[in-house]
Amino acid sequence: MPLEIVRNDITKMKVDAIVNAANQTLLGGGGVDGAIHHAAGPGLLEECRTLGGCETGSAKITGAYRLPCKYVIHTVGPRWRGGWHGERGKLISCYRTSLALAKENQCETVAFPLISSGIYGYPKDKALKVAIDTISDFLFDNEMTVYLVIFDKTAYQISGKLFKDIAAYIDDNYVQEHTDSSERQTRSIFLEEERLADGASENMKMSMPVMNVGMAAPAPAASSLDEALRMLDESFSEMLLRKIDERGITDAQCYKKANIDRKLFSKIRSDKLYRPSKPTVLAFAIALELPLDETREMLMKAGFALSHSNKFDIIVEYFISRGNYNIFEINEALFAFDQSLLGA
Ligand code: AR6
């Protein structure tokens, strides 16, 4: 997945580069900066001394010493002073300059903390939005995997109104008799499917469990026998490619909007019988801006359905029914509700 939100300690991330939320001196501090210097050891501070500090909104790169990554990119976020002092522009610039530095240094995987959202006081929901918007803009033109690392759950907030709206929608739609354990099962099925889709043998793929068969949506009405047969015969991969053509978009526009990486898309393109996971199908449905009925049709091709018995489905339905096809916003919401994310 090109942009992934994960809960972790950034010093543990095995990526090409991690980003440090530093201060202008670059000589260490508290928060994530302290944790990174502590884990990297004194060599990092020695190198930082040679850099001559860094302007707010800018970034500098060093080695990573004892950390499990190759580089540390040090950026200086703005202090929050009410939002009227160019804070947003400076925060955007932190992400842009860090990503540009990562690209210049051939990094393929980069992990960011939520810059400025701790000691510098930037409101967390706003900091999160800037991070997601700026990183996703960059990913539209660049191939890279970027992790947004959320240290603890309280550091993660989507806007209060959106959270309440989704919670109310879930309340209205959730089928209560489904217990938590069935949700957990659903999650593990997603994970298992993803593992299989990511290179397991064809034999194993054939024996994959098909989710929600009991709740499968009715087949879409076919206007003629020919059309019915065509719909029956068409595989998920074929349907996806047809819809891309019908929408008049390029493959790259589609997989980028779906937050799916190029390699997985190529696999799907070249394997007519590819069995995607449910989050992958939904990611494409979102990228293609399919209405709910067409989303259900695409899910059916891969043996899935949208149901009101799990929160994941209801949250995705919430966004589709409102015509909001921004996959990154949907993933923010899914993450906030502890659900699997869309994409591969
Ligand atoms: N892994 C990932 N995220 C973390 C970790 C960690 N180990 N530790 C904290 N966070 P902050 P700022 C999160 O305060 O607001 C320093 O003293 C944390 O929950 O580290 O940009 C510098 O020297 C929060 O969401 O950075 C500066 O003086 C996010 O990282 C000043 O703090 C950023 O919090 C920079 O303040």
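Scroll up to find the structure.
Summarised in this report is the structure supplied together with it. Remember, it's a predicted structure, so these values are computed and weren't measured experimentally.

Observations concerning the site of the ligand
Taken together, 24 residues sit near the ligand, with Gly30, Val32, Asp33, Ser117 and Ile119 positioned nearest. Gly30 places a polar main-chain atom, nitrogen or oxygen, 2.7 Å from an oxygen atom of the ligand. For the ligand, the accessible surface in isolation is 700 Å², of which the surrounding protein chains cover 91%. At a threshold of 2 Å from the grid points, most atoms of the ligand map onto the largest pocket. Contributing elements (two or more residues each) for the shell around the ligand: β2 (17–22) and α1 (31–40). Counting residues per element, the shell around the ligand draws most heavily on α1, at four residues. A class-by-class count of the residues in the shell around the ligand yields 12 nonpolar, nine polar and three charged.

Regarding the environment of Gly63
Within the secondary structure layout, Gly63 lies in strand β3 (residues 59–63). Each C-alpha atom, one on Gly63 and one on Gly43, is 8.8 Å from the other, the two residues being 20 residues apart in sequence. If near-sequence neighbours (up to four positions away) are discounted, Gly63 is found in contact with Leu44, Glu47, Lys70, Tyr71 and Val72.

Here's the deal with the nonpolar core
The biggest cluster of nonpolar side chains holds 82 residues, and the ones touching the most others in it are Phe112, Phe284, Met298 and Leu342. Among the elements that take part in this core, helix α4 (residues 124–141) stands out by supplying eight residues, more than any other. A domain split of this core shows at least three residues from each of domain 1 (3–157) and domain 2 (163–336). With 16 residues, the next largest nonpolar core counts Ile18, Ala40, Leu44 and Val72 among its residues.

Here's the deal with the layout of surface pockets
When its volume is computed, the largest pocket comes out at roughly 600 Å³. Together, 28 residues line the largest pocket, and Ala21, Gly31, Val32, Gly118 and Ile119 are the ones closest to its centre. Sorting the residues of the lining of the largest pocket by element identifies β2, α1 and β6 (145–150) as the ones contributing at least two each. For the lining of the largest pocket, the element with the highest residue contribution is α1, accounting for four residues. For the lining of the largest pocket, the class distribution of residues is 14 nonpolar, nine polar and five charged.

Brief notes about the pattern of salt bridges
Close approach of charged atoms lets side chains of opposite charge pair. Scanning all chains against the criterion turns up 15 salt bridges. For Glu143, the salt bridge is made with Lys256, and the minimal N-O distance between the two is 3.7 Å. With Glu143 in the loop between α4 and β6 and Lys256 in helix α10 (residues 251–257), this residue pair connects regions lying 113 residues apart in the sequence. Overall, Glu143 belongs to the partly exposed group, its relative accessible area being 43%. With its nearest N and O atoms 2.8 Å apart, the salt bridge here joins Lys243 to Glu294. With Lys243 in helix α9 (residues 236–247) and Glu294 in helix α13 (residues 292–301), this residue pair connects regions lying 51 residues apart in the sequence. Glu294 matches Lys243 in its accessibility class, with the two residues each being buried.

Structural notes on the packing of aromatic side chains
All told, the structure shown has eight aromatic pairs when counted by the stated rule. Ring plane angle 40° and centroid distance 4.9 Å describe the contact between Tyr95 and Phe112, whose orientation is recorded as tilted. One end of the pair, Tyr95, is in helix α3 (residues 87–104); the other, Phe112, is in strand β5 (residues 109–112), and 17 residues separate them in sequence. Of the two residues examined, Tyr95 and Phe112, each falls in the buried class.

Observations concerning unusual backbone geometry
Backbone geometry places Asn259, a non-glycine residue, at a positive phi of 60°. For Asn259, the location among the structural elements is in the loop between α10 and α11 (262–270). Judged by relative accessible area, Asn259 falls into the buried class, the value being 1%. Notably, Asp338 is not glycine yet its phi reads approximately 60°, a positive angle. The topology assignment puts Asp338 in the segment after α15 (327–336). Assessed through its relative accessible area of 40%, Asp338 is described here as partly exposed.

Notes on the sheet that holds β3
On the basis of which strands lie adjacent, the open sheet formed by six strands has the order β1-β6-β5-β2-β4-β3 and mixed pairing. Only two strands of the sheet have a single neighbouring strand rather than two, namely β1 (3–7) and β3. In this sheet, adjacent strand axes meet at a mean angle of 25° when their direction is disregarded. Note: β2 against β5, two bridges, orientation parallel. Bridging from a neighbouring strand, Ile18 pairs with Ala111 of β5. Helix α2 (residues 42–49) contacts β3 and β4 (71–76) of the sheet and is inclined by roughly 135° relative to β3. Taken strand by strand, α15 contacts β1 and β6, and its axis lies near 15° from that of β1.

Rules used throughout
Position numbers for residues start from 1 in each chain and track the written sequence from start to end. For a predicted model such as this one, the threshold for reporting local features is a pLDDT of at least 70, and the threshold for listing and counting side-chain atom pairs is 80 or more; totals across whole chains, interfaces and linings nevertheless cover every residue. Computation of side-chain values covers all heavy atoms of the structure but excludes hydrogens and water. We call a residue near a molecule or strand when any one of its heavy atoms sits within 4 Å of it. Two N or O atoms count as a polar contact when they lie within 3.5 Å, although within protein this holds only if one can serve as hydrogen donor and the other as acceptor, and sequence-adjacent residues are included solely when both atoms are side-chain atoms. Values of accessible area rely on a 1.4 Å probe in the Shrake-Rupley scheme; residue burial ignores everything except the protein chains shown. In the cavity and pocket records, a cavity denotes points on a 1 Å grid over the protein atoms alone where a 1.4 Å probe fits but cannot get out, a pocket denotes an open set with protein on both sides within 12 Å along at least 5 of 7 lines, and lining residues are residues with an atom within 4 Å of a point. To be counted as sitting in a cavity or pocket, a molecule needs more than half of its atoms within 2 Å of that site's grid points. Note on conventions: DSSP H or I runs of at least 4 residues are helices, E runs of at least 2 residues are strands, and numbering of each starts at the N terminus. Each residue gets one label: Ala, Val, Leu, Ile, Met, Phe, Trp, Tyr, Cys and Pro are nonpolar, Asp, Glu, Lys and Arg are charged, and the others, such as Gly, are polar. By definition in these notes, contact holds between two residues if any of their heavy atoms fall within 4.5 Å. Among the buried residues, those of types Ala, Val, Leu, Ile, Met, Phe, Trp, Tyr and Cys that are joined through side-chain atoms within 4.5 Å form a nonpolar core. Only protein chains enter the accessibility calculation, which uses a 1.4 Å probe; a residue whose area is less than 20% of its type maximum is buried, one above 50% is exposed, and one in between is partly exposed. Residue ranges assigned to each domain were obtained from an automatic or database domain assignment. Grid points are joined across faces, edges and corners, and a volume is the space filled by probe spheres set on the points. Counted as salt bridges are all cases of a side-chain nitrogen of Lys or Arg within 4 Å of a carboxyl oxygen of Asp or Glu. Stacked, tilted and edge-to-face are the three classes applied to pairs of Phe, Tyr and Trp rings, where Trp contributes its six-membered ring and a pair requires centres within 6.5 Å; stacked means planes under 30 degrees apart, edge-to-face means over 60, and tilted covers the rest. A pair of strands is treated as paired once DSSP finds two or more bridges between them. Every angle, taken between N-to-C directions, lies between 0 and 180 degrees, and every axis is a line fitted to C-alpha atoms, over only the stretch in contact when it is a helix.

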